[in-house]
Structures are given as C-alpha cells and as structure tokens.
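# Architecture and fold: a report
For reference, the chains in residue letters:
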Amino acid sequence: MKGIVAFDSVYGNTKKVAEAIAEEIKAQGHEAVLLDLGLAMRTNVDGDFLLVGSPTRMKRMTSRTKKFLRKAKKNFAGKPMAAFDTIMAPPADPEKREAKKWTENGAGPKIRDLAEKKGMKVFPEVLRAEVIDIKGPLTLYALDDSRAFVQRFLESL
Ligand SMILES: Cc1cc2nc3c(=O)[nH]c(=O)nc-3n(C[C@H](O)[C@H](O)[C@H](O)COP(=O)(O)O)c2cc1C
C-alpha cells in the first residue's frame, strides 16, 4: 500500500516526526511519500492511507495544514487516516500544570476531527510528540513513540 505523510513544521520537530513515520511505513513493507506543506501545497496527491501532522501553535494546527485537509477530502474520503502533532511537554512543576490547557485540544485532535468531518476513516488515537522547549528539541522517546504509533495504525488497516 501507499501512504502519504503530509506535515507542516516551523522549527523542524514535526518534520523529524514525519520522517520517522515515513521510515516506519517503509520498514513495514509499504510505500511512503513525504509531503512538506511548507514547501509546496500539493493537493492532488493520492494514496491508500494518509497521515497528517502539524505543530500545535496557539492551540491550533497551522493554516497550511487546514487548507491541505480541506482539499485532501477529494482523494481520501473513506480512506484510513491518522493525525499527529508536536506539543510542549507539560511542565513538571504542579503549579504550572494549567499550561496543560495549551496542549489538550491542540493541533492533533483538531486534525483528527476535521478529517472525520471530511469523511475520512480516522484512527481514534492521535500521536502527540512532545518537544522540550518552545522550539524543541523533541523529547528522548518521541521518535520511538512515533514509530510504535505507526505500527498500531498499520495493524488497524
Ligand atoms: C507562536 C507559538 C505558539 C505555540 N503554541 C503552543 C500551544 O498552544 N500549545 C503547545 O503545546 N505548544 C505550543 N507551541 C510550541 C510548539 O508546539 C512547538 O514550537 C512545536 O511543537 C515545534 O514544532 P516544529 O519544530 O515542527 O515547528 C507554540 C510555539 C510557538 C512558537
């Protein structure tokens, strides 16, 4: 099968997650095409399944991600889809825990909900890869977690 991994990334963290996802898709014997939405807005791509990811910024997905999802409806309605995002790791300090509200309903869940609205067959689980600082880097286990997530998604197909 052929999978499309579409992502947006400002500082490169979501890009690293997308690359790990594409590698794992290939490791599982499928074809994977990476689509950097910051380089080219190609909306005519087609495949058997789709993964879409964005950094969470101001609790939202990027506008490029939203635009892509709206157009992807044409080729991916009825097909399996999974969402991922990058978020700030919640602070360890319990007094700063209200910062969790920043991440709870961020880009990932919003991507999943929009894709569902567009008729895609969404994977209920959303991959939320954590970054340590506002610009990254990714936490130690983020890429391993990303690969494990893809394995679960592919098993569901
Ligand atoms: C302007 C701005 C707003 C952000 N808003 C959020 C947010 O609402 N929630 C959150 O968890 N992280 C937030 N972050 C941190 C981003 O999630 C982080 O920069 C991103 O994961 C990095 O991914 P990228 O390297 O692919 O751009 C914000 C970062 C910036 C620069």
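Fair warning: this is a prediction, and the values are worked out from it, not measured in the lab. (Residues numbered from 1 in each chain as written. Predicted model: local features only at pLDDT ≥ 70, side-chain atom pairs only at ≥ 80, totals over all residues.)

### Points about the site of the ligand
- Close to the ligand lie 22 residues; V10, Y11, N13, T14 and T86 are nearest.
- At the level of secondary structure, the elements contributing two or more residues to the shell around the ligand comprise helix 1 (13-27), strand 4 (80-88) and helix 3 (101-104).
- Classifying every residue of the shell around the ligand gives nine nonpolar, nine polar and four charged. (Near = placed C-beta within 6 Å. Helix = DSSP H or I, 4+ residues; strand = E, 2+ residues; numbered from the N terminus. Nonpolar A, V, L, I, M, F, W, Y, C, P; charged D, E, K, R; others polar.)

### Observations concerning the pairing of strand 6 (residues 127-131)
- The buried count for strand 6 comes to four of five residues, which makes it a mostly enclosed element.
- Here strand 4 pairs with strand 6 via five bridges, running parallel. Within strand 6, the position partnered with F84 by the bridge is L127. (Buried ≥ 20, exposed ≤ 12 C-beta atoms within 10 Å, placed from the backbone. Pairing = 2+ DSSP bridges.)

### With respect to the packing of helix 1 against helix 5 (residues 142-155)
- Where helix 1 contacts helix 5, the two axes come as close as 9 Å, and the packing angle between them is 45°. Relative to helix 5, helix 1 is oriented oblique. When you trace helix 1 past helix 5, the crossing you get is right-handed. Residues K16, V17, A20, I21, E24 and I25 of helix 1 lie in contact with helix 5, whose contacting residues are A142, L143, S146, R147, V150 and Q151.
- For the contact of helix 1 with helix 5, the per-class residue count stands at seven nonpolar, two polar and three charged. (Axes fitted to C-alpha atoms, helices over the stretch in contact; angles between N-to-C directions. Parallel < 35°, antiparallel > 145°, perpendicular 65-115°, else oblique. Left-handed = near helix turned anticlockwise from the far one by under 90°. Contact = placed C-beta atoms within 7 Å.)

### Details of the environment of F149
- Mapped onto the secondary structure, F149 falls in helix 5.
- Counting along the chain gives 22 residues from F149 to L127, while the straight-line C-alpha distance between them is 6.7 Å.

### Overview of the environment of E98
- As for its position among the elements, E98 is in the loop between strand 4 and helix 3.
- Given 10 C-beta atoms within 10 Å, E98 falls into the exposed group.

### Here's the deal with helix 2 (residues 63-76)
- Here helix 2 spans 19 Å end to end across 14 residues, near enough to the 20 Å set by a 1.5 Å rise per residue.
- Maximum bend of helix 2: about 30°, positioned at R70.
- Residues of helix 2 that are buried: T65, F68, L69, A72 and F76.
- If you follow the buried residues of helix 2, they end up packed against strand 1 (2-7), strand 3 (49-55), strand 4 and helix 4 (107-117). (Expected span 1.5 Å × (residues − 1). Bend = angle between axes of the 7 residues up to and from the residue.)

### Focus: unusual backbone geometry
- At the junction of G136 and P137, the peptide bond is cis and its omega measures out at 5° in the coordinates.
- Even without being a glycine, M58 presents a positive backbone phi close to 50°.
- On the secondary structure map, M58 appears in the loop between strand 3 and helix 2.
- A positive phi angle, close to 65°, is found at K59, a residue other than glycine.
- Tracing the backbone through its elements, the reader meets K59 in the loop between strand 3 and helix 2.
- We classify K59 as partly exposed; it has 14 C-beta atoms within 10 Å.

Interpretation note: all reported values are geometric properties and have no functional meaning in isolation.
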